[in-house]
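# A structural walkthrough
Read off the chains here:
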Amino acid sequence: MSERAIRQAGMTGRPVALTGWGRVDPTVARVAEPSRRDEVAGLLEAALPRGAIARGLGRSYNNAAQNEGGLVIMTTGLRRILSFDQASGLISCEAGVSLETLMTTGLQAGWFVPVSPGTRQVTIGGAIAADVHGKNHHRAGSFARHVRWIDLLLPDGRELRLSPDANPRLFWATAGGMGLTGVILRAELQLTKVETSRLVVDTVRTVDLDEAMACLAEADGRYGYTVAWLDCLASGKRLGRSVVTSGDFAAVADLPATDRRQPLAFSPAARLRAPASCPPGLITRYTVALANEAWYRKAPRRREGEIQTIGTFFHPLDGIRNWNTVYGPGGFRQYQFVVPFGQEQVVRALVERISAAHAPSFVTVLKRFGPADEGYLSFPMPGWTLALDFPARTPGLTALLLGLDDAVLTAGGRVYLAKDSRVSPEVLAAMYPRLADFRQLRAELDPAGRLASDLSRRLGL
Ligand SMILES: Cc1cc2nc3c(=O)[nH]c(=O)nc-3n(C[C@H](O)[C@H](O)[C@H](O)COP(=O)(O)OP(=O)(O)OC[C@H]3O[C@@H](n4cnc5c(N)ncnc54)[C@H](O)[C@@H]3O)c2cc1C
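Because the structure is a prediction, the values reported are computed rather than measured. (Residues numbered from 1 in each chain as written. Predicted model: local features only at pLDDT ≥ 70, side-chain atom pairs only at ≥ 80, totals over all residues. Heavy atoms only, no water.)

### Overview of the overall build of the protein
Threshold: Helix and strand assignments follow DSSP, with helices taken as H or I runs no shorter than four residues and strands as E runs no shorter than two, numbered in order from the N terminus. Radius of gyration: C-alpha atoms only; globule rule: 2.2 Å multiplied by the number of residues to the exponent 0.38. When accessible area is computed with a 1.4 Å probe and restricted to protein chains, residues below 20% of their type maximum are described as buried, those above 50% as exposed, and intermediate ones as partly exposed. The contact criterion used is simple: two residues touch if any of their non-hydrogen atoms lie within 4.5 Å. For every accessible area listed, the method is Shrake-Rupley and the probe measures 1.4 Å; residues are considered covered only by the protein chains on display.
Looking only at helices and strands, one finds 15 helices and 21 strands in the protein. On C-alpha atoms alone, the protein measures out to a radius of gyration of 21 Å, which is about the 23 Å that the 2.2 N^0.38 rule sets for 461 residues. Counting only C-alpha atoms and orienting by the principal axes, one finds that the protein spans roughly 60 × 55 × 40 Å. Buried residues in the protein amount to 59% of all 461 residues. Partitioning the intrachain contacts of the protein with sequence separation of at least 6 by distance along the chain shows that 73% fall at a separation of at least 24. With the model as given, the accessible surface of the protein reaches about 18,300 Å², and the carbon-plus-sulfur share is 54%.

See the structure below:
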């Protein structure tokens, strides 16, 4: 749905077809864009019989922020920064404020968001509801660890201030709870001090998966941020060959003289725009193999001390607006799993399976997670995480992903709800041991079922 269509829908709740970022499985819901708390409360009150769900910037990949036949509450009208203490880096804002806005506000005084996913086009409400992680999970944990409090509008219209100390049960059900405990209205976040808006980045091109994993393990101890881009189609001796980038925020003294005058400069505008619609067949095993080859060869075998901007290092895909259209009208399916440390052979077996299936994932990212947060449905756990995106029309994709589910479950791992589009309710329940507690809390909080999404109906959340 375009931003214009949302604005036209206003508070009237006009029916609109929605998808997530992967552009699969569209469903029609009434969409409203409130700008005040009492409007949100009124919408929740009128939500039955099909219920309502909050939606931020729609960057979750499938249908977590969709509600077929019901109501979708856009939070982008709740976009005020409420306070910012430049001495302590504590910032409070409404839930529809984007991470990009937090970056532009914070950086002026030398503060950066504590955790950034691979896009900054995410609201603070969406970041809490998916308890998002970034390249620094091994050091900083996931997003909720840095949230001081959340103002949550409950399904019965009451408003509660949650914090890890004052109301831990509801706080940790809301962090990672995919919008199903209430509508987040406001939150306070502890930002991270930085001296500049650039990073000092080291790059290593690895010959295979073993070298990539060894390199990532070593990087955890040396860098605040690290991740590997992986060639999922490479096979044989080159299986899992990767480009590992690791870095930390630069000090002013690290910058070239020309950049020292404005060490905190940040220009977030996207430079390019993908066409509104692309023909099918642009992303295939052949084009992805070519792109992977070019990307791999372009990377230096080893480079140290390169200065990169926030956009280049954290959000390269944000440089192209609407890049999700390049997969064509069929859209794409993201798949992200984590398996515990000690299950390295499972990661290798799954990469082998994907390569053997010639399944073309355009963006494939491998990373190590550190200790988990307490979120009932938070995704990260200590271990290896691999994120992939496949054109939805890839032949044999359904069987491939079912096989991956089984292997991930057997290894004691799980898939990420913000990206999932097809895991079964039974498999999900086995992957998330605290799901029963989450359901119990939902039954107490929301007996009438005022909060619902396509995701919650499919998985019985
Ligand atoms: C290019 C790209 C890269 C990404 N990289 C990463 C990554 O590195 N790490 C990572 O963890 N994720 C990543 N993501 C996923 C993304 O960070 C999450 O899906 C995030 O939740 C999207 O936020 P949003 O504001 O767009 O929320 P939406 O997609 O609109 O909604 C996501 C969920 O949040 C809920 N929600 C939204 N606002 C509220 C609110 N105010 N109150 C209650 N619930 C609410 C919705 O109901 C829904 O369940 C990436 C996505 C993209 C497109």
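What follows picks up the thread again.
### Considerations on the sheet that holds strand 8 (residues 147-153)
Worth spelling out the cut-off: In this analysis, strands are considered paired if DSSP registers two or more bridges between them. Only the contacting stretch of a helix is used when fitting its axis, a line to C-alpha atoms as for every element, and angles between N-to-C directions run 0 to 180 degrees.
The 5 strands lie next to each other as 5-6-10-8-9, forming an open sheet whose pairing is antiparallel. Of all the strands in the sheet, the pair left with one neighbour each is strand 5 (81-85) and strand 9 (159-162). Pairs of neighbouring strands in the sheet enclose a mean axial angle of 10°, with direction left out of account. In the sheet, strand 8 pairs with strand 9 via 4 bridges, with the strands oriented antiparallel.

### Re unusual backbone geometry
Of the consecutive residues Leu48 and Pro49, the connecting peptide bond is found in the cis state with omega at 10°. Within the secondary structure, Pro49 sits in the loop between helix 2 (37-45) and strand 3 (52-55). One non-glycine residue, Arg23, lies in positive phi territory at about 60°. Note on placement: Arg23 falls in the loop between strand 1 (14-18) and strand 2 (27-32). With a phi close to 40°, Asp131 is a non-glycine residue in the positive phi region.

### What about the site of the ligand?
The criterion, for reference: Here a residue is considered near a molecule or strand provided that any single heavy atom belonging to it is located within 4 Å of it. Definition of a polar contact: a pair of N or O atoms within 3.5 Å, with one able to donate and the other able to accept a hydrogen when the atoms are protein atoms, and with sequence-neighbouring residues admitted only if both atoms are side-chain atoms.
The environment of the ligand is made up of 33 residues, and the closest members are Ala54, Gly56, Arg59, Ser60 and Thr123. Between Gly56 and the ligand, the recorded distance is 2.7 Å, taken from a backbone N or O atom to an oxygen atom. Summarising the interface, the protein chains cover 96% of the accessible area of the ligand, which totals 970 Å² for the free molecule. Those elements giving two or more residues to the shell around the ligand turn out to be strand 3, helix 4 (124-129) and strand 10 (183-190).

### Regarding the environment of Asp259
Here Asp259 is to be found in helix 8 (residues 257-260). A residue is classified by how much of its surface remains accessible, and Asp259, at 23% relative accessible area, is partly exposed. When the C-alpha positions of Asp259 and Arg198 are compared, they lie 9.5 Å apart, and in sequence the two are 61 residues distant.

### Quick word on the packing of aromatic side chains
Here is the rule we go by: For this analysis, a ring pair means two rings from Phe, Tyr or Trp (six-membered ring only for Trp) whose centres lie within 6.5 Å, classed as stacked if their planes differ by under 30 degrees, edge-to-face if by over 60, and tilted for the remaining angles.
Here the structure, examined in full by the defined rule, presents 19 aromatic pairs. Judged by centre distance (6.0 Å) and plane angle (85°), the ring pair of Phe341 and Trp384 falls under edge-to-face. Of this pair, Phe341 sits in the loop between strand 18 (332-340) and helix 11 (344-356) while Trp384 sits in strand 20 (residues 383-391), and the two are 43 residues apart along the sequence. We classify Phe341 as partly exposed; its relative accessible area is 33%. Given the relative accessible area of 3%, Trp384 is considered buried. An aromatic cluster is present here, built from Trp21, Tyr61, Trp323, Tyr327, Phe332 and Phe362 joined pairwise through their rings.

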